Amino acid sequence: GAVSQAAVAAAAAAAAPPQHLEPLREVVLIRVDTACHELIAVSQQTAALELLHDIMMSKRSRSTPLTTLEPVMLKFIELTVVLKKGKVAKEGLHQYKNISQNITVTSIEAVMKKFIELSEKKVEEAQKKANQINMDSVEDLEATETPESIILSTVSGDVSKDRTDREVVTPWLKFLWEAYRTALDILRNNARLEILYQSIAGQAFKFCLKYARKTEFRRLCELLRQHLSTAAKYSHQTHAINLNDPETLQRHLDTRFDQLNAAAELELWQEAFRSIEDIHNLLAITKKPAKPFMMANYFEKLARIFLVGENYLFHAAAWSKYYGTVRLNKNLPEEEHQRMASIVLVSALSIPIISTSKTGGLQTDADDGKPKTTRLANLLRVAKTPTREALLKEALNKNVFSRVPAELRELHNILEVQFHPLSICKRIAPIMASLSSQPTLNRYTRPLHQVVLTRLVQQLSQVYETITIDSLVSLASFPASVDVGVTHDAESIEKFIMDGCRKGELSIRVNHMSKTLTFVTDVFSGVKGTISEGPKLQSLPSEQMRLHLTRLARKLYTAMDLINPARAEMRQTKQAEAVKEAIAAAEEERRSTLERRLLIEKKKELRENELAKKARDEEQKRKLRQQQELEAERIRTEEEVKKRESERFRQMEEDRERKLAADLAKSLRSVVKDPEDLEAMSKKDLEAKKLEILEQERNELQRKIKLVGRRVDHTERALRKEELPLLSSDYDRQKVVDRELYDALAAKVQKEAEANHTANVQTKTRLQRMRPDYQAYKKAIEAKVDQDYENKLKRSEKLIADAKAARIKEIHRLREERDERLKREEEERIRHEEEERLQQEAYEREQAERVAKAEERRKEETDRKK
């Protein structure tokens, strides 16, 4: 239509290329905004978007003030979201970022937040629309299920909902995902936009969790890794991020922990493991230790990952580290202490004794060539690879035994202390059944059964040489009355034995003809692996053969001492002298070591002070240089802004003057005799000429008004003179007509009033018979209401009294708990002060003894010199 053509024409005029680059004027942007609204009003959103895209990508927009350009950018973002033009939005956002980042980041933050907010709002609207479509498809809520409808629902029950989601929701989900990727790509590696970058990354994680987008979550994690890996590449840029800055590094750590939590919630364990590695690499960069709750979350997620991967060795090590971090929290309740201690002990006991491909071995990682166990140990932040014996010993050293239930202590004694091959499964069956019923410990029943089977084979090898397979199956089976969820047959046990023999941990020969197992004993074989762990009844023949010469040597020395007693006395004398010399040498070595350590610590302290001073100086120089650059950039930007503003005002004034002169000349062309002379006149001459013409027109108009007014007065006087005789007769006729109308209306009103009165009297007479019943019913209702009110009042008073008594009791209990807590804290403080005092006194005594010994040594040296 005409409106659309006018809008397109205005858009073309606004987007026309200029003869020279200059800032977009505010008038032009207002005209563009008006044209966009007109295009949108006639359903031409695509044309409006093209117009705004041309404006944003124009070189003139780079020198336009942000206060004028920001509304245009917001309208541009709104249209891209409505039309799902993600690539166009990305181009515009890149351009706007380049324009605004050197002036202020507040504008780009507002635009970016608006972009994400509109995208999320569209997804919510699409979900509501899809739900409404699904609800509208249900025609009758009370309709019963028919056989035909049941059969049809098995074929297409959820298909309609999935189809609706694909058609309505999925396109907007794709657009929202692209919006997150666009925002992260634009905001990456910019220190001024770092907070917004981390915030949008967190929103992207929530998006993946809310809609269970596992593929997009993997891509998001990879995108964040790429951005972090390229941080060093762009470190020379003006606003590049600095990972040595503690605040920046902490923000990256918080984001990676959010990533780890999201991966664990989505059960993407590979991504969770990669997130653990990312956190480990960031923690290696930081100089200050991480917060305890962050490390607790780190070890807890690492333990879950190892459990999913059935790596019980590192799972137990991660749980040990997790409990070692959490137990420092003084507010941790005792129940939580017991639960965690139980998991630490059971996880350590569940480590397979015979190593498997997941729990042991040196499998190299193709990524970095280091052993896999070393890599996992680095993630646990330990110096060496953990072992089953070390983890059990560490658990006992941490007083885990004192917190776990009695049944778990019995489990440890059965597996690690006692020797009972014929009854191990019967004794451990109730404990396994109890573990199966506990949700936090039932996941360890299967690896524990492997440990029980290993201990059973080890102990049987020390007692028997041959045993039937059926006997071993019977010994390895739990009683039928106890359900532990794990059973073994001959095939599974044979597979377990063959696996142990293949790894060299067991030495057993299987005879299928006689269905027996023979424990092979080689007196000349050494102990390999973990076969010698656990309780023992007697030493193996190989151990006896290996220690035979040692025992013979001890007996020969004893015989020589009995034959020659002087030799024993001489050896004792030499030993005593050697001990004295060793004590003297140890004291001298201790003193020299102490002096050397003090010297090393002093040098280390001086070196650290020098490095710290150098780092502070460099940091101050960097901050000063950055402030100077920012100040110079600010001054330059302010001067450019002032220059552009003054140039814009001057240009606007000139345009206004030219426009006014053109309007004056155009208005005067039709009233002057020589229109060609107007082009040579100035603005002042044109204004004077227009005033002269206006004065002439005003005088001519006044003259014409006087003539018309005189003619109208004469006409009105003649009309009134002619109608004067007719007024009296018209008045008499009107009175007669009014009287007739009044009489008819009065009679009608009186008749209707009489009819209404008669009907009302009849209704009153008819209703008068119901009055006694009404009065009785009213009294009954009032009595019932009063009784209900009294009952409710008594009940509420009773409830208030009970609540008041309960509150008073609760207040007393809280006060007693507070007093008890304050008393315990005071006793703890007094005990702590007493311990510090005793330590200080011991330290002062040691210092005094050291000074006295030094003084005595100095006097002895002085005496020797004399």
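This text goes with the structure placed above it.
It should be emphasised that the depicted structure is a prediction, and the values quoted were computed from it without experimental measurement.

Draft legend 1. Layout of the overall build of the chain. Regarding its fold elements, the chain presents 28 helices and three strands. When the 866 residues of the chain are sorted by exposure, 30% land in the buried category. Of the contacts made within the chain by residues no fewer than 6 positions apart, 70% connect residues no fewer than 24 positions apart. For the chain, the accessible area works out to roughly 57,700 Å², and carbon and sulfur atoms hold 54% of it.

Draft legend 2. Quick peek at unusual backbone geometry. Its identity as a non-glycine residue notwithstanding, Ala 212 has a phi of 55 degrees, on the positive side. As for its position among the elements, Ala 212 is in the loop between helix 9 (194-211) and helix 10 (214-229). Take Ala 212: its relative accessible area is 48%, and that puts it in the partly exposed class. Backbone geometry at Glu 267 places phi at a positive 60 degrees, although glycine is not the residue there. Take Glu 267: it is sitting in the loop between helix 11 (246-266) and helix 12 (269-285).

Draft legend 3. Geometry of the packing of aromatic side chains. What the rule picks out here adds up to eight aromatic pairs. Judged by centre distance (6.3 Å) and plane angle (85 degrees), the rings of Phe 115 and Phe 175 are edge-to-face. Placement of Phe 115 in helix 6 (residues 106-136) and of Phe 175 in helix 8 (residues 159-187) is noted, with a sequence separation of 60 residues between them. Both residues of the pair, Phe 115 and Phe 175, count as buried. Aromatic side chains Phe 306 and Phe 314 sit 5.7 Å apart centroid to centroid with 45 degrees between the ring planes, which places their arrangement in the tilted category. Using a relative accessible area of 1% as the deciding quantity, one classes Phe 314 as buried. In textbook terms, an aromatic cluster arises when at least three aromatic residues are bridged by ring pairs, as seen for Phe 115, Trp 172 and Phe 175. Positioned over the ring face of Trp 172 is Lys 84, at 4.7 Å from the centre of the ring.

Draft legend 4. Layout of the pattern of salt bridges. Applying the stated criterion across every chain, the model contains 39 salt bridges. Among the ionic pairs, Lys 122 bridges to Glu 125, the shortest N-O distance being 3.9 Å. Remark: Glu 125 and Lys 122 occur in helix 6; sequence separation between them is three residues, near one turn of the helix. Between Arg 837 and Glu 841 there is a salt bridge, with its nearest N and O atoms 2.5 Å apart. Placement of the pair is Arg 837 and Glu 841 together in helix 28 (residues 771-865), with a separation of four residues, close to one helical turn. Glu 841 gets classed as partly exposed once you look at its relative accessible area, which sits at 30%. A single salt-bridge network, built from bridges that share partners, covers Glu 222, Arg 225, Glu 271, Arg 274 and Asp 278.

Draft legend 5. The arrangement of the nonpolar core in detail. Counting 148 residues, the largest nonpolar core has Met 112 and Phe 115 as its most contacted members. It is helix 8 that provides the largest number of residues to this core, a total of 12 residues. Among residues more than four places away in sequence, those in contact with Met 112 are Leu 93, Ala 183, Ile 186, Leu 187, Leu 196 and Ile 200.

Draft legend 6. Up close: the sheet that holds strand 3 (residues 516-519). Here three strands make up an open sheet; going across it, the order is 1-3-2 and the pairing antiparallel. Here the strands that pair on one side only, and so sit at the sheet edges, are strand 1 (466-468) and strand 2 (508-511). Going across the sheet, the axis of each strand differs from the next one's by a mean of 25 degrees, ignoring polarity. Of the strand pairs in this sheet, strand 1 and strand 3 are connected by three bridges, and their pairing is antiparallel. Bridging across to strand 3, Thr 466 finds its partner in Thr 518. Sitting on the sheet, helix 21 (residues 469-476) touches strand 1, strand 2 and strand 3, and the angle it makes with strand 1 is about 75 degrees.

Draft legend 7. Quick look at the side chain of Ser 119. With respect to the helices and strands, the residue Ser 119 is situated in helix 6. Within polar-contact distance, the side chain of Ser 119 engages the backbone oxygen of Phe 115 at 2.9 Å. Sequence-distant contacts of Ser 119, defined by excluding residues within four places in its chain, comprise Val 81, Phe 175, Leu 176 and Ala 179.

Draft legend 8. Structural detail: the pairing of strand 2. Direction of pairing for strand 2 relative to strand 3: antiparallel, over a ladder of four bridges. Bridge pairing links Arg 509 to Thr 518 in strand 3.

Draft legend 9. How the structure looks around a nonpolar patch on the surface. The grouping of Leu 422, Val 463 and Tyr 464 at the surface amounts to a nonpolar patch, some 260 Å² of accessible area in total. Assignment of secondary structure puts Val 463 in helix 20 (residues 445-463). Take Val 463: its relative accessible area is 40%, and that puts it in the partly exposed class.

Draft legend 10. Inspection of helix 11 at higher detail. In this model helix 11 runs 30 Å from its N-terminal to its C-terminal C-alpha over 21 residues, within 8% of the 30 Å that 1.5 Å per residue would give. Just downstream of helix 11 lies Glu 267, where phi reads positive at about 60 degrees.

Draft legend 11. Looking closely at the packing of helix 11 against helix 12. Two elements in contact, helix 11 and helix 12, have axes separated by 9 Å at closest approach and are oriented at 160 degrees. The orientation of helix 11 relative to helix 12 falls into the category roughly antiparallel. For the element pair helix 11 and helix 12, the recorded crossing hand is left-handed. In contact with Leu 249, His 252, Leu 253, Arg 256, Phe 257, Gln 259, Leu 260, Ala 263 and Ala 264 of helix 11, helix 12 contributes Trp 269, Glu 271, Ala 272, Ser 275, Ile 276, Asp 278, Ile 279, Leu 282, Leu 283 and Ile 285. Here the contact of helix 11 with helix 12 is built from residues that sort into 13 nonpolar, three polar and three charged.

About the criteria used
Residues numbered from 1 in each chain as written. Predicted model: local features only at pLDDT ≥ 70, side-chain atom pairs only at ≥ 80, totals over all residues. Heavy atoms only, no water. Helix = DSSP H or I, 4+ residues; strand = E, 2+ residues; numbered from the N terminus. Buried < 20%, exposed > 50% of the residue type's maximum accessible area, 1.4 Å probe, protein only. Contact = heavy atoms within 4.5 Å. Areas by Shrake-Rupley, 256 points an atom, 1.4 Å probe, with all protein chains shown as cover. Phe/Tyr/Trp six-rings, centres within 6.5 Å; stacked < 30°, edge-to-face > 60°. Lys NZ or Arg CZ within 6 Å of the ring centre and 35° of its normal. Salt bridge = Lys/Arg side-chain N within 4 Å of Asp/Glu carboxyl O. Core = buried A, V, L, I, M, F, W, Y, C linked by side-chain atoms within 4.5 Å. Pairing = 2+ DSSP bridges. Axes fitted to C-alpha atoms, helices over the stretch in contact; angles between N-to-C directions. Polar contact = N/O pair within 3.5 Å; in protein donor to acceptor, adjacent residues only side chain to side chain. Patch = residues over 30% accessible without salt bridge, like charges linked within 9 Å, V, L, I, M, F, W, Y side chains within 5 Å. Expected span 1.5 Å × (residues − 1). Parallel < 35°, antiparallel > 145°, perpendicular 65-115°, else oblique. Left-handed = near helix turned anticlockwise from the far one by under 90°. Nonpolar A, V, L, I, M, F, W, Y, C, P; charged D, E, K, R; others polar.

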